[in-house]
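# Coordinate analysis (summary)
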Amino acid sequence: MTGNTVGVIDLGTNTALMLVGRIKPCGKIIILTDEPPTVRLGHGVDSTGLLNSGAIDRAYKQLKIYATGAAHLGVMNLIAWGTSAVRDALNKAESLG
């Protein structure tokens, strides 16, 4: 494997997207995987202000799958961020901490 393999995860309101690519020495990025499963983390956040336990469980399971897959692809640093459902939830610290 030539180059640096990097990965990012966008933990959104409905999907958990992971993109892994290998940066070649010339600067070109080769996409190794681009996965968009639906986890519905934001289910109910608008009405309750809270992330619900079922949604959190789905997100954790998907993040574990991503971590394993990224490791097999040689990713040394996997960066993740959460979008509005995660940022706005009143229980984000205890749910995702």
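Summary of the structure given here. (Residues numbered from 1 in each chain as written. Predicted model: local features only at pLDDT ≥ 70, side-chain atom pairs only at ≥ 80, totals over all residues. Heavy atoms only, no water.)

## Looking at the nonpolar core
By size, the foremost hydrophobic cluster in this structure holds 18 residues, and its most contacted members are L11, A16, M18, L41, L51 and Y66. Broken down by secondary-structure element, the contributors of at least two residues to this core are β1 (4–11), β2 (16–23), α2 (53–72) and α3 (84–88). A per-element tally of this core places α2 first, with five residues. Discounting residues that sit within four places of it in the chain, A16 has contacts with D10, L11, E35, P36, P37, V39, Q62 and Y66. (Core = buried A, V, L, I, M, F, W, Y, C linked by side-chain atoms within 4.5 Å. Buried < 20%, exposed > 50% of the residue type's maximum accessible area, 1.4 Å probe, protein only. Helix = DSSP H or I, 4+ residues; strand = E, 2+ residues; numbered from the N terminus. Contact = heavy atoms within 4.5 Å.)

## A look at the sheet that holds strand β4 (residues 78–82)
Here we have four strands laid out as an open sheet, ordered β3-β2-β1-β4, and mixed in their pairing. Here the strands that pair on one side only, and so sit at the sheet edges, are β3 (29–35) and β4. Between one strand axis and the next, the sheet turns by 15° as a mean value, whatever way the strands run. Pairing between β2 and β3: six bridges, direction antiparallel. Across the sheet, the residue bridging to G21 is I31, located in β3. (Pairing = 2+ DSSP bridges. Axes fitted to C-alpha atoms, helices over the stretch in contact; angles between N-to-C directions.)

## Some points on the environment of K28
Locating K28 in the fold gives a position in the loop between β2 and β3. Sequence-distant contacts of K28, that is, excluding residues within four places in its chain, are made with R22 and I23.

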